[in-house]
Amino acid sequence: MDQPLLEIDHLSKHYAVGRSWLGRGGGLVRAVDDISFVIQKGEILGLVGESGSGKSTVGRMLLRLGDQPTAGRVDFAGQDIAPMSQRQLRPLRARMQLIFQDPYSSLNPKMTVGQILEAPLRIHGRGGDRAARQRKVAEVLDLVGLRPGHAARYPHEFSGGQRQRIGIARAIILEPDFLVADEAVSALDVSVQAQVVSLLLEIRRRMGVTILFIAHDLAVVGYISDRVAVMYLGRIVELAPVASLYARPRHPYSEALFSAAPVPDPRANRQRILLEGDVPSPLNPPSGCAFRTRCAYAIPGCAAARPPLAELAPGHFAACIRPELELRRG
Amino acid sequence: MMRYLGSRLLQSILLLWIVSLIGFFVLYLAPGGPLAQFALTPGMTQEQLARIAHQMGLDRPLPVQYWEWLSRLLIGDWGQSYRDSQPVLAIIGSHLFATLLLMGASTLLAMIIGTWIGVLGAIRRYSIFDYLATIGAMIGLSIPTFWFGLIAIYLFSVKLPWFPAGNMYTVGDASFLDYAHHLVLPCLVLTLVTVAIWSRYMRSAMLDVQGQDFIRTARAKGLPEHVVLRKHAMRNAILPMITVAGLQIPTILSGALVAETVFTWPGMGRLFLDSLNYRDYPVVMGVLMFSAVFVLLGNLLADVLYAVADPRIRLT
Amino acid sequence: MSEATLPAQPIEDIAPAARFRAVRRFVRHRLAMVGVVMILVLVLGSFLGPHLYPFDDLRIDMRNRFQVPFMGPHWLGADPLGRDLMARLMTAGQVSLAVGFAAMILSTLVGTAIGAVAGFYGRALGGALMRFVDAMLCFPNIFLLLTLAAFIQPGVWTITAIIAFTSWMEVARVVEGQFKTLRERDFAIAAMMIGSSDARIIFAEILPNAVAPIVVAATLNVARAILLESYVSFLGYGIQPPLPSWGNMLNSAQQYLTSAPWLAIFPGLAITAAVTGFNFIGDGLRDALDPRLDA
Amino acid sequence: MSIQTTNGLARRRLFQLGGAGLLAATLPRPVLAAGGKAMKGQIIAGLSQEPTFFNPLMPHIEVDEAVYWAIYSPLWGVDEKGDFIPQLATEIPTQENGGISADGLTWTVKLREGVKWHDGQPFSADDVKYTIDLLNNPDFRAAKRQGHELVTKVEVKSPTEIVWTMKEVYAPYAAILAWTFIVPKHVVEKAASANDSTLNTAPVGTGAFKWQERVAGDHITLAGNPDFFGDGPHVERLVIKYIPDLTVMYTQFQTGDIDHTGLQGITADHYEEASKLPDRVVQANLVATIENIGFNLGKPQFQDQAVREALYYAIDKQSLIDSIYYGLPKATESYLPQQSWAFNPDLPKQSYDPEKAKAILDAAGWKPGADGIREKNGVKLSFLNSTTAGNHLREQAQQLIQQNWGDIGVKMEIHNLPPAVMWGDYWMMSKFDSVIVGIGFMVGPDPDATDYFGGKQTPAKGGNGQNTTQYDNPEVNRLLAEAASTLDRAKRTQAYKTMQEHTRHDLPFLPLFQYTLIEGVKKGLNGFKASINVQSNLWNVRDWSWS
Amino acid sequence: MTQPILSVRGLNVRFRGRGGGEVHVVRDVDFELAAGQTLALVGESGSGKSVTSLALMRLLPGEPRCRIGGRVLLEGRDLLYLTEAGMRGVRGNEIAMIFQEPMTSLNPVHRVGEQIAESVRFHKGLGRRDALDRAVELLELVGIPDPLRRAQAFPHEMSGGMRQRVMIAIALACDPKVLIADEPTTALDVTIQAQVLELLRDLQARTGMAMLFITHNLGVVAEIADRVMVMYAGRIVEQAAVDPLFAKPLMPYTRGLLGAVPRLDIFAKEKPPLTSIPGAVPDPAHPPKGCAFNPRCTHRQGGLCDQRTPPLEAAQPGHDVRCLRWREAMEAA
């Protein structure tokens, strides 16, 4: 278990915005700004943050969807995939997969479920002949809780939860090492959400796959993950095992996040830390600690330099220059 | 804003360059040539024709001719007509007013009528009016304009001599009423198409806006329906129409050409057709380039106006 | 409102296939059906009519020149050479409809190919292609069409090619737009994630999803091609006599507008009917294939 | 247009844009000009093409000549009967009056005194010399040099006398000069290149009308020249209005918007109706253009005279003229208009006789093949026929002829071309099979047609001319040379008549008919005279007047 | 309970489907709402909760596309019988509404001050100047810093949270008696959601308005509601004060929902399994026979639940439930 599958090293992704076609003007959005972490084989790493925190960008960079990262390395099973071209990546595609947020747009409406699931097998020459491939499809459908007969149907004939299962089936049919679930349950109704979360856990149990689970819902992330990373404005501000983080967050932003999350219990303790204002623009982030402008504990020192991610307890990292703070959860 | 304009202008220049390449090579690679018009002059000889060709520079290699033409264009010299040896820009200039008058009048008319039809159609969606307006617009888009023009001439000029069948004014009169009188038929023909397009766009823009959340908000405020329509729906529906207007310029120009040929209107379309007949390359090229400039500037203007009218847009 | 307008949340064994839904919507579209009937009548009339109709479109019969419609042997009257107008309308219909169809196919193929490449690859290649499209769109299309028609040997094939050359851009734009959005859609990303080749993504994944707007654009292109052919022929640059087309029938009728107006009226009506028919069908298809109505 | 008539005028005045000046200009009132000429009213002439180029020596199109006749003057003109009338010259030089030397090589021309250019500069023999020299200047883009090339030495004896010598006797030269307008030296010289002088766009002449303005695409306004040396002009203003559509032109003639329909005039189908219009005078006048079917004799199908003859017999010429052209043009057998002094009226008349045509072909060995098309020695009687696309009546004629010929087993396919393609190499380098065209074969008012029939005049064979049918008959060549090199009208007439017999027999082209131009003028407008000797019937607009 | 301000009786909403058939999306909804009270309406997508709120405001399309039945009594007046003009006097004045998408719910081309003032001008007859002053006051009230300047801003110049505050300002412009909040925080990030909930609570305390709060988030319900209605397939399936509902849910669906939400206080070591509800929400066009929830229900009893439509019964005072087997559930609890 303690063997890294992915090592992310000083990874950054910057976008130019509002620039004219001559390449002048505009600004630079630091969607992801110099992050480093490791994902262990077989673990589920949760990644939480509010919109604009860069969590989805991280997920896509680890899969190398889109362009090369601006800087940094992504070592996937010993290979740096950051600088590779899409063509070079093609063989590796069998080993890493993505589960999408929107169960409606992630399945090609013009293809049957069978065709959708067979495609990866055909492309990578797996699964033998047609009959064997269809057996494999049936098998996977069964694994995700659908009937083999569903292979002949089109995606629009399924409900959102069922489609998400099909998406998961496509992701796992090649038995990949690494899955990114990008807000995979956010669009689902609560009752269905639990089904999918359970399914993912089940798959991990059976296949030993490594998962990066991206979500904005702390509760769901906490439920599914082994470790959780909290992102704010393109940076990881805290990274810790679930138990440790949920018992005692060490970064004021995590504390605020926990306190803001509504708890479905009317008798719960409701002392909350209300953050003021909005997340600053990633075009022009504050100096030093990006969170200092909204932080209740900010001191002048926070503006000076960007705090590094420091190990404050075993395996518990936080990027805050005030490790002495006694922060509460919820 | 200035940077946006600058960048758009640069882009337009690039486009114009491609336009000039397409136009030039289409013209000059095609068979036939400007000499043919002189070939039938009594007493014309081959030798003489060759000499004329040489003096007009037609015997030089095509890229040389293109370069020559382009480099003059860059300093504002659009060349000279083969036909009347006047500067091309001056010729276009002298035909521009007629075309602008026709286009302007019909566009204005079409916008007023089309907006009205479109808005009404959207408000009373699926009503008889909407249905008739839809069918009417489809037929309007389908009628060959030149034929419609011919029929209009037959009916309103020949059978019932209400309107003149051609020209822009009576020589020696040229009063406002005289212009207006001549304008009626060509304007009618050109407006037919434009109204159809405009009302269809307006209707769908209005329908789009009516499904927007902020309309529901306006209703939830308890505002009277006419305020919701005018202040909230129409204001937002008309915005994209500015762009539509910009994009319609080539269509309207094409329509103007048709109307001008049918009604012998002394505008750019007529000039273009005559120049084509005479193989007056510089003028044909000039009109093509000019209309491209017109189209590009129109689009640019539409975009700028749109940005001015829509607070969401910042030109950068 | 989302709940109010889209109450359906399909569950197993209930939702009918979207394809059939689109077909049903199309069949229920009254205008589209009117269009289909109009086109059927025109196509059958043009291609079968001559076999059933007693007059030949080319036979000159000076005794019956300028015969007024419904007043003699020729149903719709006769032209200055005494040729039967109805027979000529039918032959002309073959030409005009064939040119319209052929130009549509050509322009749709070219437009789709260019639009697909530009939309899928974007950046330098796509940008360059789209600048070319933009440049072509700077010309009012009749200007460009006439320029070409005036210089090129007129004939059925050349006119078809010229019309196609001046009307593929809109298809290209539509397809480029589609590809640009569809390329970013999750299913296309998923296709890339499973290691599909570009060709597979373009043809197997994206193109089938872009078919609806292409079909709509293509239908409207037939209408436009027929209009353009008629206009070019009307100006004398198009299909040349003795081969009749609706446009060149109008061309020769123009001169007799006052003395024999029927020579201009009938071909004009034929063009209007054909174009209206295709526009109706296009409109119906647009409504029927609207993805917002599937869900 | 009904509201534009009399009672509308008062109403319109209220809305007058141009103010008093324009209004005043509109009202017809006699003006007694400085020169003592009584000029009254204006003439609006409609043309279906637009005159755009006003340097008469440079390449231009036919319609431009309408303006030249009003603005410029030649040394002498030619009237409707073909007689020369002195203009800038005081008399026509002939051998009889000593203007031309006995050997026919030296010409002496006396010029009118006191003639002024429109800009007030005096006209003199220098202008004439300048004009002839300019035509021969290799850097000048002259429209044509035919005849002028033979002039070797031009001498100005005095401001009113000029003398030149010719390399050889060339009879048509007087006629050519009747179409050669003299240009002002002082204006053209000012330009850096004679090709770019202001004459091109703002002409200065000695004619009866002065340049006033051109509204491109719409009309040209010319003002009466009070200092004109001749009689006239009788109107204050001549407006030449461009109306590209013949139907519209006719409508405007009907409603009185235009006083004269020029150039392509009124279409044949309107002739009857137009002749009945009140207060309008409509004339159908023959013009010099001969409609004919030309064969490319370089093609194997047409080398056999029997074929050409049979094709001629197979044409139903009279129904073609009667039905398509409303019986207005005149059937002809010659290339010359019947008004020409060299016209031969005694040529055998063609008759429509398809049986005879078949018999001729049978006799000559052209037998119908499997597909019904006649052939001989592997050559099929199947060919293309071309003309400029867009001429409706001719297209109808073409289709009628196609059917006529089809009836005798000859397949003709129609292959029409845009003018710019047709008159390019296709025509000049004899690339066609057959054509149907209307050609004015005369050189100006002279019946010389060497250009079209001279054996050395075929461009495809390196010749310099328009003999694109590649006709080469030694006897015809001899007659043409003979007729051009004598100034004796009687000898010339004889030679040309014989020559017409040859072309009628050889049939390098099938003469169909001589064109008619239907022109209308408003009643009360006097002076209109149709003439085959000029290219525009505005040639004598100086004499036109309102009664 | 005090006299209710809003009282809904037997509300039914039917849409005419494309095929001509009717879709019954809201069925026999009854509830009452008192001043100062917050009633939460909970349900998953497609349960009919938004349609219910729009029906109260009569913002649904008119007949024949949509038919509304029942009574909606605002202080005794039946809103469904008001003329359109009369209803306009109620909307935005006595009942106000805020929506889920603060991005699209504001008109992009008008300044926010103007959009707030518009309502005041229409309902209170204020002049332009006064209305704008009132708008600034309202912006201040909803906690927007620098309200004078912000009144001049366009919606796109504001963040999502700010926009939702503007929406709230618009809603409060005329001091409504009832505020309907339709998923007002769903589109917002959690930290912003907390701010907005805080604001709503605060405003309610100050004005004493009644609030109908529509959401699918049980956490939010727990935070803000006094009473809760759970909606499933167009029907109210359970209704109770917030504490008993969370403590002792009687309807299997409610139980399922509560069990399906992971809780923050779950530690990694001993994660209890999430109780998920199998299947999906039914299509309102084809509701299952009997209890709408029966195909997904773990407690269903064949031959009973798929035959009879259960009535809404009072299990305890103030706690209604729509289940044929609620007694067994009571005993189990």
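Residues numbered from 1 in each chain as written. Chains lettered and ligands numbered in written order. Predicted model: local features only at pLDDT ≥ 70, side-chain atom pairs only at ≥ 80, totals over all residues. Heavy atoms only, no water.

- Chain D has the name Peptide/nickel transport system substrate-binding protein in an unreviewed UniProt entry, where Arboricoccus pini is given as its organism.
- In the Sequence similarities (unreviewed entry) part of its UniProt record, chain D is described as follows: "Belongs to the bacterial solute-binding protein 5 family." (UniProt positions renumbered as here; feature names shortened; annotations may be inferred.)

- If you check an unreviewed UniProt entry, chain B appears there as Peptide/nickel transport system permease protein from Arboricoccus pini.
- Heading Sequence similarities (unreviewed entry) of the UniProt record for chain B holds this comment: "Belongs to the binding-protein-dependent transport system permease family."
- Reading the Subcellular location (unreviewed entry) entry of the UniProt record for chain B gives the comment "Cell membrane".

## A closer look at the domain arrangement of chain B
Residue and element names in this part refer to chain B.
- Assigned domains of chain B: these are domain 1 (34-77) and domain 2 (92-309).
- Each of domain 1 and domain 2 was reduced to a C-alpha centroid, and the two centroids are 39 Å apart.
- Between domain 1 and domain 2, the contact holds four residues from the first and five residues from the second.
- Taken over both partners, the interface formed by domain 1 and domain 2 buries close to 420 Å², and the fraction arising from carbon and sulfur atoms is 76%. (Domains from an automatic or database assignment. Contact = heavy atoms within 4.5 Å. Buried area = accessible area lost by both parts, 1.4 Å probe.)

## A short note on the state of the cysteines
- The full count for this structure, using the stated rule, is zero disulfides over all chains.
- Cysteine Cys323 of chain E is unpaired, with the sulfur of Cys305 of chain E as its nearest cysteine sulfur at 6.2 Å. (Disulfide = S-S within 2.5 Å.)

## A few points about the interface of chain B and chain E
- On the side of chain E, 27 residues touch chain B, which itself brings 21 residues to the contact.
- Taken together, both faces of the contact between chain B and chain E bury some 2,100 Å²; the carbon and sulfur share is 59%.
- Of all residues in chain B, Arg216, Lys221 and Pro311 of chain B give up the largest surface area on contact with chain E, accounting jointly for 28% of the area buried on that side.
- Residue Glu118 of chain E pairs with Lys231 of chain B through a salt bridge whose shortest N-O separation is 2.9 Å.
- Here chain B is connected to chain E by 14 residue pairs in polar contact (both at pLDDT 80 or more).
- Counting only elements with at least two residues in the side of chain B that touches chain E, the list comes to α9 (213-220) and α10 (225-262) of chain B.
- Sorting elements by how many residues they give to the side of chain B that touches chain E places α10 of chain B first, with seven residues. (Salt bridge = Lys/Arg side-chain N within 4 Å of Asp/Glu carboxyl O. Polar contact = N/O pair within 3.5 Å; in protein donor to acceptor, adjacent residues only side chain to side chain. Helix = DSSP H or I, 4+ residues; strand = E, 2+ residues; numbered from the N terminus.)

## A closer look at the side chain of Arg235 of chain E
- Here Arg235 of chain E lies in strand β10 (residues 235-241).
- The buried charged residue Arg235 of chain E lacks any salt bridge, with Asp28 of chain E as its nearest oppositely charged partner at 4.4 Å. (Buried < 20%, exposed > 50% of the residue type's maximum accessible area, 1.4 Å probe, protein only. Lys, Arg positive; Asp, Glu negative; His and termini not counted.)

## Examining the interface of chain B and chain D
- Across the boundary between the two partners, chain B contributes 56 residues, which contact 64 residues of chain D.
- Across the chain B to chain D interface the summed buried area is about 5,100 Å²; carbon plus sulfur atoms make up 54%.
- Across the chain B-chain D interface, the total number found is two residue pairs in polar contact (both at pLDDT 80 or more).
- Looking at the side of chain B that touches chain D, the element that brings in the most residues is helix α3 (residues 46-55) of chain B, giving seven residues.

## Topic: the nonpolar core
- Trp246 of chain C together with Leu311, Trp405 and Phe453 of chain D are the most contacted members of the largest nonpolar core, which has 214 residues in total.
- The leading source of residues in this core is helix α13 (residues 262-288) of chain C, at 12 residues.
- Not counting chain neighbours up to four residues away, the residues in contact with Leu311 of chain D comprise Phe295, Phe302, Phe383, Trp405, Ile408, Val410 and Leu510 of chain D.
- With 103 residues, the next largest nonpolar core counts Ala171, Leu174 and Ala194 of chain A together with Leu274 of chain E among its residues. (Core = buried A, V, L, I, M, F, W, Y, C linked by side-chain atoms within 4.5 Å.)

## A few points about the packing of helix α5 (residues 85-121) of chain C against helix α11 (residues 198-234) of chain C
Residue and element names in this part refer to chain C.
- Remark: α5 packs on α11, axes separated minimally by 7 Å, with the N-to-C direction vectors making an angle of 145 degrees. Once α5 is placed against α11, the crossing between them reads as right-handed. Every residue of α11 that contacts α5 at Ser96, Leu97, Val99, Gly100, Phe101, Ala103, Met104, Ser107, Thr108, Thr112, Phe120 and Tyr121 is listed here: Asp198, Ile201, Ile202, Ile206, Leu207, Ile214, Ala218, Asn221, Val222, Ala225, Ile226 and Glu229.
- The class makeup of the residues in the contact of α5 with α11 is 16 nonpolar, six polar and two charged. (Axes fitted to C-alpha atoms, helices over the stretch in contact; angles between N-to-C directions. Left-handed = near helix turned anticlockwise from the far one by under 90°. Nonpolar A, V, L, I, M, F, W, Y, C, P; charged D, E, K, R; others polar.)

## Focus: the UniProt feature "transmembrane region" (unreviewed entry) in chain B
- In this numbering, the UniProt entry assigns the feature "transmembrane region" (unreviewed entry) to residues 12-30, 88-119, 131-156, 176-198, 238-263 and 283-309 of chain B.
- Its end C-alpha atoms 28 Å apart, residues 176-198 of chain B is made of 100% helix and 0% strand.

## Side note on helix α7 (residues 145-159) of chain B
- An ideal rise of 1.5 Å per residue puts 21 Å on 15 residues; α7 of chain B measures up with 20 Å between its terminal C-alpha atoms.
- Of all the bends in α7 of chain B, the greatest, near 25 degrees, is centred on Ile153 of chain B.
- Within the sequence span of α7 of chain B, burial applies to Thr145, Phe146, Trp147, Gly149, Leu150, Ile151, Ala152, Ile153, Tyr154 and Ser157 of chain B.
- Against the buried residues of α7 of chain B lie α8 (176-210) and α10 of chain B, α11, α12 (246-254) and α13 of chain C together with α7 (246-255) of chain D. (Expected span 1.5 Å × (residues − 1). Bend = angle between axes of the 7 residues up to and from the residue.)

## So, the packing of aromatic side chains
Residues and elements named next belong to chain A.
- The final tally for this structure, using the stated rule, is 54 aromatic pairs over all chains.
- Between Phe76 and Phe178, the aromatic rings sit 6.3 Å apart at their centres with planes inclined by 45 degrees, giving tilted as the arrangement. Of this pair, Phe76 sits in strand β4 (residues 71-76) while Phe178 sits in strand β7 (residues 178-182); the two residues are 102 residues apart in sequence, bridging distant segments of the chain.
- Taking the relative accessible area as the measure of exposure, Phe76 reaches 0% and is therefore buried.
- Accessibility expressed as a relative area gives 0% for Phe178, which makes it buried. (Phe/Tyr/Trp six-rings, centres within 6.5 Å; stacked < 30°, edge-to-face > 60°.)

## Focus: the pattern of salt bridges
- Applying the stated rule across the entire model yields 79 salt bridges over all chains.
- Taking the shortest distance from any N to any O, the salt bridge between Arg88 of chain C and Asp79 of chain C comes out at 3.6 Å. Residues Arg88 of chain C and Asp79 of chain C agree in their burial class; the two are buried.
- Close ionic contact of Arg183 of chain C with Glu184 of chain C constitutes a salt bridge, the shortest N to O distance being 3.4 Å.
- Overlapping salt bridges, with partners in common, bring together Lys221 and Lys231 of chain B together with Glu114, Glu118 and Arg128 of chain E in one network.

## What to know about the environment of Phe295 of chain D
- Mapped onto the elements of the fold, Phe295 of chain D is located in strand β13 (residues 280-295).
- The spatial distance from the C-alpha of Phe295 of chain D to the C-alpha of Val154 of chain D is 42 Å, given a sequence separation of 141 residues.

## Describing the layout of surface pockets
- Space inside the second largest pocket adds up to approximately 1,200 Å³.
- As for the second largest pocket, its lining consists of 33 residues, of which Gly66 and Asp67 of chain A together with Arg123, Glu184 and Met192 of chain C are closest to the centre.
- Among the secondary structure elements, those contributing two or more residues to the lining of the second largest pocket are β1 (4-17), α1 (55-62) and α2 (86-89) of chain A together with α5, α6 (123-138), α9 (169-184), α10 (186-193) and α11 of chain C.
- The residue makeup of the lining of the second largest pocket, split by class, is 12 nonpolar, nine polar and 12 charged. (1 Å grid on protein atoms, 1.4 Å probe; cavity = no way out; pocket = protein on both sides within 12 Å on 5 of 7 lines; lining within 4 Å. Points joined across faces, edges and corners; volume = space filled by probe spheres on them.)

## Focus on the environment of Gly76 of chain E
- Note that Gly76 of chain E resides in the loop between β4 (66-74) and β5 (77-78).
- Taking the C-alpha atoms as reference points, Gly76 of chain E and Pro4 of chain E, 72 residues apart in sequence, are found 9.3 Å from one another.

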